[in-house]
Amino acid sequence: MTELLIRLFVKDYTNVRSPQVRERYGKFAGFVGIITNLLLFLGKIIAGILFSSVSIIADAVNNLSDSASSVVTLIGFKLSGKPADAEHPYGHARMEYISGMIVSFLILMLGLQLAGSSFEKIIHPEEASFGILAVVILILSALAKGWQCLFYKKVGKKIDSPTLSATAADSLNDVFSTVAVLAGLIITRLTGFNLDGYMGLIVAVFIIVTGIKVIIETSSPLLGVAPPHEFVNHICEKILTYDGILGIHDLVVHTYGAGRCFASVHCEVSASADIMVSHDIVDTIEHDFLREENIHLVVHMDPIDVDNPRTMELRQQVKDKLQEIDPSISMHDFRVVWGNSHSNVIFDICVPFGYPVKDEELRQKVGEKLTELSPKYNAVVTVDHDYVPDLEEKGMHAAQTGSPEKNKK
């Protein structure tokens, strides 16, 4: 059914990489949420008033908040589709995350209010009557919310939307809360013990937990998160297919919302190669990534002295010494300034995020290992931190990613 609705109401629905199509998906999901949640609210609020049930009323208000959330989602997708301008050169795609944050606070506030009302009902219980109409409405509501969950999950997966994925989780929580209210009515009917206030409190807790979860999920993209390993590996593997690229490192990926991806990377090339040829390779990589991947990639060239056997032999020796310290340490930007009395061995090492050894202590250990090779070697070491753990080596060196500030030289 979801696929049929998408085909009917989303123009050019297969082109999910298009920002315009993505906006259509978001607006369509918003409209569906508004209509279905309003219908559920009307049915439950009538049943709650007729049978004097605070738990049903709480569940109804929960659906009303979902409808308000859908309005916010709809507005968020509309604003996120605005093109870049002078004040926002990276576009407005992060408005989707901001709208999700607003939704999460609305959910949390509602949950706290309903918790107070339910607690009052527990202290001062009022008799709630039982009716078949209320049971039927709650069963239909649970089924409708289950469909909503599948609908949001499918649309969210199609356009890779954290907001819709969070909304899907919210809908699943609503299924559990509605079932809890239904169970409370039945148990009250069978035992005579009034569980109405307790079930209302359970619903409120569901809402509060959902609000907190959505706050966490929507705040992460705004704070900046490491890109998925599959995405990073794809970038690395694609770059290494170009002739003349010996290795890559210092990969930085940051996004400004769906379809607004920016990245920078250091690509190693032979120092003996014609600089114009190497520059042409770099230009080709940048253009191909923008055209084929919609990634604004900036490539920095790092010349490597691969034709000097003495340098390359020492590089392998240093790499072996680093493995003795810790196999998780990788190395890049290796070069040597040879001299008679001493030689400066200059390189960067990369360690996993949260590495237990302090940078200064690690530099000292590396220097000691280098001295074991020759007392004439002076280690000039820069420590980088890998923000994507367990990333395999790419080319001659390990790729890494993190915040732009981390990789400034």
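Just so you know, these numbers come straight off a predicted model, no measurement behind them.

Visitor: Quick question: what am I supposed to make of the sheet that holds strand E1 (residues 247-255) here?
Guide: Taking strand neighbours across the sheet as the criterion, the three strands line up as E1-E2-E3 in an open arrangement whose pairing is mixed. Bordering the open sheet on either side are E1 and strand E3 (295-304), each of which pairs with just one other strand. Averaged over all neighbouring strand pairs, the angle between strand axes comes to 15°, with direction disregarded. Pairing of E1 with strand E2 (residues 261-270) involves seven bridges; the strand directions are antiparallel. Looking at E2, one finds that His254 is bridged to Phe262. Packing against the sheet, helix H8 (residues 229-239) makes contact with E1, E2 and E3, and its axis sits at approximately 135° to E1.

Visitor: For this particular structure, what's the right way to read the packing of aromatic side chains?
Guide: The geometry of an aromatic ring pair comes down to the distance between the two centres and the angle between the two planes. Applying the stated criterion across every chain yields a total of six aromatic pairs. Ring centres of Trp147 and Phe151 lie 5.2 Å apart, and the angle between their planes is 20°; this geometry places the pair in the stacked category. Residue Trp147 and its partner Phe151 are both found in helix H5 (residues 132-159); the two are separated by four residues, about one turn of the helix. On the basis of relative accessibility, which here comes to 23%, the residue Trp147 falls in the partly exposed class. For Phe151, a relative accessible area of 0% corresponds to the buried category. The structure contains a cluster of three or more aromatic residues connected by ring pairs, namely Phe9, Phe28, Trp147, Phe151 and Tyr152. The ring of Trp338 is capped by Arg310, whose NZ or CZ atom sits 3.7 Å from the centre of that ring.

Visitor: Looking at this model, I keep getting lost on the side chain of Ser278. Mind explaining?
Guide: Within the secondary structure, Ser278 sits in helix H9 (residues 275-293). Among the residues examined, Ser278 registers a relative accessible area of 5% and is labelled buried. Setting aside chain neighbours within four positions, we find Ser278 in contact with Val269, Ala273 and Met301.

Visitor: Got a minute to help me understand empty space enclosed by the protein in this structure?
Guide: Gaps left between atoms are located by rolling a probe of water-molecule size over the structure's atoms. One pass over the full model with this rule turns up five cavities of 30 Å³ or more. Of the volumes computed, that of the largest cavity is approximately 120 Å³. Residue assignment for the lining of the largest cavity shows that the elements contributing at least two residues are helix H3 (54-80), helix H4 (95-123), H5 and helix H6 (162-191). Considering only residue class, the lining of the largest cavity consists of five nonpolar, nine polar and three charged.

Visitor: Where do I start with the environment of Arg335 in this structure?
Guide: For Arg335, the position within the fold is in strand E4 (residues 330-337). Separated by 11 residues in the primary sequence, Arg335 and Ile346 place their C-alpha atoms 5.3 Å from one another. Here Arg335 is in contact with Asn344, Val345 and Ile346, once residues within four sequence places are set aside.

Visitor: Please explain the pattern of salt bridges as it appears in this structure.
Guide: Side chains bearing opposite charge may pair, as long as their charged atoms lie close to each other. Under the definition given, this model contains 12 salt bridges. The salt bridge partner of Glu3 is Lys154, with a shortest N-O separation of 3.1 Å. You can see Glu3 sitting in helix H1 (residues 2-9) and its partner Lys154 sitting in helix H5, a full 151 residues away along the chain. Residue classification places Glu3 among the partly exposed positions, given a relative accessible area of 21%. When its relative accessible area of 35% is taken as the criterion, Lys154 is described as partly exposed. Between Lys145 and Asp66 there is a salt bridge whose closest N-O contact spans 2.9 Å. Taken together, the residues span a long stretch of sequence, with Lys145 in helix H5 and Asp66 in helix H3 at a distance of 79 residues. Since its relative accessible area comes to 0%, Lys145 is described here as buried. Residue class for Asp66 comes out buried when judged on its relative accessible area of 5%. Several salt bridges share partner residues, and in doing so they unite Lys238, Asp288, Arg291 and Glu292 into one network.

Visitor: In this structure, what is going on with the pairing of E3? I would like to understand it.
Guide: On a regular strand, each side chain points to the face opposite its neighbour's, so the side chains alternate between the two faces of the sheet. Pairing of E2 with E3 involves 10 bridges; the strand directions are parallel. Counted as the bridge partner of Cys261 is Ile295 from E3. Handedness of the E2-H9-E3 crossover: right-handed.

Visitor: Would you mind showing me how to read H9 here?
Guide: In an α-helix, one turn spans 3.6 residues; hence positions three or four apart end up facing the same way. Taking 1.5 Å of rise per residue, the 19 residues of H9 would be expected to cover 27 Å, and the 26 Å separating its terminal C-alpha atoms lies within 8% of that figure. In this structure, the buried residues of H9 make contact with H8, E2 and E3. A positive backbone phi angle near 55° is found at Asn294, which sits one or two residues after H9.

Visitor: Sorry if this is basic, but what is going on with the sheet that holds E4 here?
Guide: As a general point, the strands of a sheet are linked pairwise by backbone hydrogen bonds and lie either parallel or antiparallel. Read from one edge to the other, the open sheet built from three strands follows the order E4-E5-E6, with strand pairing classed as mixed. The outermost strands of the open sheet, each flanked by one partner alone, are E4 and strand E6 (377-386). Taken pair by pair, the neighbouring strands of this sheet meet at an average axis angle of 15°, ignoring direction. With 10 bridges joining them, strand E5 (residues 343-352) and E6 adopt parallel strand pairing. Residue Asn344 lies in a different strand from E6, and its bridge partner there is Asn378.

Visitor: Would you take a moment to explain a nonpolar patch on the surface for this structure?
Guide: A contiguous nonpolar patch, built from Ile132, Val136, Ile139, Leu140 and Leu143 and spanning about 490 Å² of accessible area, is present on the exposed surface. With respect to the element layout, Val136 can be found in helix H5.

About the cut-offs
- Residues numbered from 1 in each chain as written.
- Predicted model: local features only at pLDDT ≥ 70, side-chain atom pairs only at ≥ 80, totals over all residues.
- Heavy atoms only, no water.
- Pairing = 2+ DSSP bridges.
- Helix = DSSP H or I, 4+ residues; strand = E, 2+ residues; numbered from the N terminus.
- Axes fitted to C-alpha atoms, helices over the stretch in contact; angles between N-to-C directions.
- Contact = heavy atoms within 4.5 Å.
- Phe/Tyr/Trp six-rings, centres within 6.5 Å; stacked < 30°, edge-to-face > 60°.
- Buried < 20%, exposed > 50% of the residue type's maximum accessible area, 1.4 Å probe, protein only.
- Lys NZ or Arg CZ within 6 Å of the ring centre and 35° of its normal.
- 1 Å grid on protein atoms, 1.4 Å probe; cavity = no way out; pocket = protein on both sides within 12 Å on 5 of 7 lines; lining within 4 Å.
- Points joined across faces, edges and corners; volume = space filled by probe spheres on them.
- Nonpolar A, V, L, I, M, F, W, Y, C, P; charged D, E, K, R; others polar.
- Salt bridge = Lys/Arg side-chain N within 4 Å of Asp/Glu carboxyl O.
- Right-handed = clockwise from strand over helix to strand, strands pointing away.
- Expected span 1.5 Å × (residues − 1).
- Patch = residues over 30% accessible without salt bridge, like charges linked within 9 Å, V, L, I, M, F, W, Y side chains within 5 Å.
- Areas by Shrake-Rupley, 256 points an atom, 1.4 Å probe, with all protein chains shown as cover.

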